[in-house]
Amino acid sequence: MPGKSVIRLENVWKIYQMGEVKVEALRGLSFEVSSGEFVAIEGPSGSGKSTAMNMIGALDYPTKGSVYLDDHDISRLSESQLAVIRGRKIGFVFQQFNLLANLSALENVELPMMFQGVAVSARRERARQLLVSVGLGERLMHKPSELSGGQQQRVAIARALSNDPEVLLADEPTGNIDSRTGREIMKLIAGLNRQGKTVVMITHDRSLAKLADRIEHLKDGRLA
Amino acid sequence: MSLKDDVVIVLRNVSHRRLRSWLTVIGVVIGVAAIIALVSASRSLEASIQEQFEAFGSDKISIYAASSGGPPGFDANLNVDDADAVRKVKDYGLVVEMLFKSAKVEFRGEPVNALISGFDSGIAVETFKEFNLDFREGGPFESDSNKVVIGSRVADDLFDSQLFVGSKLEINSEKFEVVGIVESVGNPQDDSNIYMPLEVMRDLFGDRTSVSFIVGKVKPGSDLNKVSARTAAELSRIRSEESFEVSTPEQLIEQLSIILGILQGVLAGIAAISLLVGSVGIANSMYTSVLERIRDIGIMKAVGATNAEIAMIFLIEAGLIGLVGGIIGIAFGIGIAYLIGFAAAQAGFGVLKIRIEPLLILFSLIFAVGVGAASGYFPARRASSLKPADALRK
Ligand SMILES: Nc1ncnc2c1ncn2[C@@H]1O[C@H](COP(=O)(O)OP(=O)(O)O)[C@@H](O)[C@H]1O
Ligand SMILES: [Mg+2]
């Protein structure tokens, strides 16, 4: 039973102006993700995967075309409206983990809840539970520099889940960790999908993409 | 995001860049300390001078020869006829004519130069009282004999050995006996005075006519300005208008206030410049802080921070640097102000009582936080307007 549409891109273009040169990173990309799906976007380096993730995740505006989240066009919203959407509806997992170095694992997971105004006691407890659920119950007070790559990515996953977003957006989540740990991270993400979370994962690794329900191939800024 | 959360994030960040944060704070500390110390010292000086005048009395009018450049009284261009003219004005309850001269004073074979002040022995008791000269030992001379009253510095510091009531001095080779020692009035010049009966002084210096300075104490209820005008009119009959000055305490305070105002302006300017330098330091530190944290800004935006929340974090960081710098600066400034007071007292200017105005502290603190926030404003705006996708690429 296919769920409702969560993400829909319609003829999305992204053109970067580099001085005299125009780089067409996305050239009329269209695709849809339904609730509960696990979609992998696969493609070679430079094919526009990260740019696509920026569009889906409301991190940037498309040059042309529309991006729908829950059937609302978000491509023309203000920056502060987008911030709210990012905070509530989307959970990011990046290749470079992107944790704040000065904050502990617990505080990093609390951060998205801070921006949503969740009270200290509630968010601390939730952050602790999330870290326990990703297997880091013993590392709450560690700074990112005191954690291995795999552990940092687990913290990032816990952070991405903290506001219970509709979509988990992962951009090459195993790109910076060794393959054995990478498989564990993938298992974690696949498990989250089985529990109902909609997942969009970007990767250039075909073997990882196979874990998804559906694979979309990106080439030169559009689906192949 | 609550203010408390902002502060937590800011604290984590500034403690991460501890050394640089402290260096920035020091810039503010210097500026605020300079403001507190310089403004307090000059305001205290003004208040102290005001107090001295009030102690001297708001009921006195001074008459001296129009200055030819030196301090009032030293030209000795007045004479006994002028004193008589002043006495004709009926509004005075007491008129004291004074003569100042410098003389060679010897004690136990040690010669020094000192200032001698003479006034009528018949009104010596009132005169010492009106000038707020309290005796710590002995009392005033009461007849025209070779007796002197000395200032505290003459007794304690001027000679190698200590002087007491009964000590014998030689002034211009004549013998004098110390009958009284007055307490310090707080300024070294007055504390170095030697007072003697005017008649004796005139004989000693062979000067029967000169008068350096005349002070009139008006009767209660008189209008100082009117009395001053009447005095000037009386004097104008026997000498030219330009050759003398009649001044009320208000006028003297006004003149001093102008000078003090200029001094305060200069000092405040110095303080403001140092604070400006401090604010440039904050702005610079905030810009590098923004540059260093472009990626962090991207991360915070990705997890839901709005532009306003990012700007607030940086503004709070800048304001906090201002606040900490302000608090430390105030503490240092108060310390320095008291040190200035202490140094002045050591130099004999005990009149300079340092007082710190609570309003100045409050103002400095608000100013420091304001300067911090203002210096952080543009860096904060820059930080907040970064697009998350661009910030994350850094
Ligand atoms: N901010 C940018 N400015 C200019 N060019 C960009 C920018 N972001 C991406 N590009 C270019 O767009 C193309 C797609 O990049 P990207 O989406 O990062 O690809 P991928 O993630 O698949 O490797 C590349 O040619 C890249 O150089
Ligand atoms: Mg990429």
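Residues numbered from 1 in each chain as written. Chains lettered and ligands numbered in written order. Predicted model: local features only at pLDDT ≥ 70, side-chain atom pairs only at ≥ 80, totals over all residues. Heavy atoms only, no water.

A. Region of the structure containing the overall build of chain A. For chain A, the count of helices and strands is seven helices and ten strands. Taking 224 residues into account, the globule formula puts the C-alpha radius of gyration at 17 Å, and chain A, at 17 Å, falls close to it. Along the longest, intermediate and shortest principal axes, the C-alpha atoms of chain A span 50 × 45 × 40 Å. A buried classification covers 57% of the 224 residues belonging to chain A. For chain A, long-range pairs separated by at least 24 residues make up 72% of all intrachain contacts whose partners lie at least 6 apart in sequence. (Helix = DSSP H or I, 4+ residues; strand = E, 2+ residues; numbered from the N terminus. Rg over C-alpha atoms; globule rule 2.2 N^0.38 Å. Buried < 20%, exposed > 50% of the residue type's maximum accessible area, 1.4 Å probe, protein only. Contact = heavy atoms within 4.5 Å.)

B. Quick look at the pattern of salt bridges. Residues and elements named next belong to chain A. All told, the structure shown has 41 salt bridges over all chains when counted by the stated rule. For E110, the salt bridge identified is with R123, shortest N-O distance 2.7 Å. Linking E110 in helix α3 (residues 105-115) with R123 in helix α4 (residues 120-133), this pair joins segments that are 13 residues apart in sequence. For the pair E110 and R123, a shared accessibility class is recorded, and that class is buried. When the shortest N-O distance is used, the salt bridge between E184 and R154 registers 3.2 Å. In this pair, E184 sits in helix α6 (residues 179-194) while R154 sits in helix α5 (residues 149-161), placing the two residues 30 residues apart along the sequence. For E184, a relative accessible area of 33% puts it in the partly exposed group. (Salt bridge = Lys/Arg side-chain N within 4 Å of Asp/Glu carboxyl O.)

C. Spotlight on the interface of chain B and chain A. With 24 residues of chain B at the contact, the number on the chain A side is 26 residues. In total, about 2300 Å² of surface goes out of reach between chain B and chain A, with carbon and sulfur atoms giving 60% of it. Together, R12(B), I299(B) and V303(B) form the three largest contributors to the area buried by chain B at its contact with chain A, with a combined 23%. Across the contact surface, chain B and chain A share four salt bridges. Residue D5(B) is joined to R123(A) by a salt bridge in which the shortest nitrogen-to-oxygen separation is 2.8 Å. Taken together, the links from chain B to chain A amount to six residue pairs in polar contact (both at pLDDT 80 or more). Elements represented by at least two residues in the side of chain B that touches chain A include exactly α1 (3-16), α10 (294-302), α11 (307-346) and α13 (388-393) of chain B. (Buried area = accessible area lost by both parts, 1.4 Å probe. Polar contact = N/O pair within 3.5 Å; in protein donor to acceptor, adjacent residues only side chain to side chain.)

D. The sheet that holds strand β2 (residues 21-34) of chain A, seen in detail. Residues and elements named next belong to chain A. Pairing is antiparallel in the open sheet, where four strands are placed in the order β2-β1-β4-β5. Edge positions in the sheet fall to β2 and β5 (72-73), since each of these pairs with one other strand and no more. Packed on one face of the sheet, helix α1 (residues 49-56) meets β1 (5-18), β2 and β4 (64-69) and runs near 125 degrees to β1. (Pairing = 2+ DSSP bridges. Axes fitted to C-alpha atoms, helices over the stretch in contact; angles between N-to-C directions.)

E. Fine view of a nonpolar patch on the surface. A cluster of nonpolar side chains, L19(B), L23(B), I26(B) and I30(B), forms an exposed patch at the surface whose accessible area comes to about 420 Å². Assignment of secondary structure puts I30(B) in helix α2 (residues 18-56). (Patch = residues over 30% accessible without salt bridge, like charges linked within 9 Å, V, L, I, M, F, W, Y side chains within 5 Å. Areas by Shrake-Rupley, 256 points an atom, 1.4 Å probe, with all protein chains shown as cover.)

F. Geometry of α11(B). The end-to-end C-alpha distance of α11(B) is 57 Å, a good match for the 58 Å that 40 residues give at a rise of 1.5 Å each. Directly beyond the C-terminal end of α11(B), a positive phi value near 105 degrees is found at G348(B). (Expected span 1.5 Å × (residues − 1).)

G. Seen up close, the packing of helix α9 (residues 249-292) of chain B against α11(B). Residues and elements named next belong to chain B. Interhelical geometry of α9 versus α11 gives an angle of 145 degrees and a closest axis separation of 11 Å. α11 is crossed by α9, and the crossing has right-handed handedness. The residues of α11 that touch α9, namely those facing I282, M286, S289 and V290, are F314, E317, A318, I321 and G322. Across the contact of α9 with α11, the residue classes break down as six nonpolar, two polar and one charged. (Left-handed = near helix turned anticlockwise from the far one by under 90°. Nonpolar A, V, L, I, M, F, W, Y, C, P; charged D, E, K, R; others polar.)

H. Layout of unusual backbone geometry. All names here are of chain A. Located in the positive-phi region is F97, a residue other than glycine, with phi close to 65 degrees. A relative accessible area of 8% means that F97 is categorised as buried. One non-glycine residue, D220, lies in the positive phi region at around 50 degrees. Assignment of secondary structure puts D220 in the loop between β9 (214-219) and β10 (222-223). Assessed through its relative accessible area of 48%, D220 is described here as partly exposed.

I. A look at the domain arrangement of chain B. All names here are of chain B. Per the domain assignment, the segments making up chain B are domain 1 (3-53 + 255-393) and domain 2 (93-211). Here the C-alpha centre of domain 2 lies 52 Å away from the C-alpha centre of domain 1. Carbon and sulfur atoms supply 49% of the area buried between domain 1 and domain 2, which totals about 370 Å² over both sides. At the boundary of domain 1 with domain 2, the tally comes to zero salt bridges. For the pair domain 1 and domain 2, the interface holds zero residue pairs in polar contact (both at pLDDT 80 or more). Looking at the side of domain 1 that touches domain 2 residue by residue, the classes come out as three nonpolar, three polar and no charged. (Domains from an automatic or database assignment.)

J. View of the packing of aromatic side chains. As enumerated under the stated definition, the model contains twelve aromatic pairs over all chains in all. Seen from their ring centres, F128(B) and Y195(B) are 5.5 Å apart, and the 80 degrees between their planes marks the pair as edge-to-face. Here F128(B), found in helix α4 (residues 124-130), pairs with Y195(B), found in strand β9 (residues 193-197); they are 67 residues apart in sequence, far enough to count as distant. You can call F128(B) buried: its relative accessible area is 1%. Between F363(B) and F367(B), the ring centres sit 5.5 Å apart and the planes meet at 10 degrees, which makes this aromatic pair stacked. Residue F363(B) and its partner F367(B) are located together in helix α12 (residues 358-384), separated by four residues, close to a single helical turn. Overall, the relative accessible area of 46% leaves F363(B) in the partly exposed class. Members of the aromatic cluster, connected to one another through ring pairs, are F119(B), F128(B), F135(B), F141(B) and Y195(B). Its end group placed over the ring of Y68(A), R8(A) keeps NZ or CZ at 4.3 Å from the ring centre. Over the ring of W13(A) we find K64(A), and its NZ or CZ is 4.8 Å from the ring centre. (Phe/Tyr/Trp six-rings, centres within 6.5 Å; stacked < 30°, edge-to-face > 60°. Lys NZ or Arg CZ within 6 Å of the ring centre and 35° of its normal.)

K. Expanded view of the packing of α3(A) against α4(A). All names here are of chain A. Packing of α3 against α4 leaves a shortest axis separation of 9 Å and a crossing angle of 125 degrees. On the basis of their axis angle, the class for α3 and α4 is oblique. Two packed elements cross with a definite hand, and for α3 against α4 that hand is right-handed. Residues A105, L106, V109, E110, M113 and M114 of α3 touch α4, and the partners they reach there are R123, R124, R126, A127, R128, L130 and L131. Residues that form the contact of α3 with α4 fall into these classes: eight nonpolar, no polar and five charged. (Parallel < 35°, antiparallel > 145°, perpendicular 65-115°, else oblique.)

L. Geometry of α3(A). Of all eleven residues in α3(A), eleven are buried, a share of seventy percent or more. Buried residues of α3(A): A105(A), L106(A), E107(A), N108(A), V109(A), E110(A), L111(A), P112(A), M113(A), M114(A) and F115(A), and no others. Contacts made by the buried residues of α3(A) are with α4 and α5 of chain A together with α1, α10 and α11 of chain B. Downstream of α3(A) by one or two residues, G117(A) has phi in the positive range, about 75 degrees.

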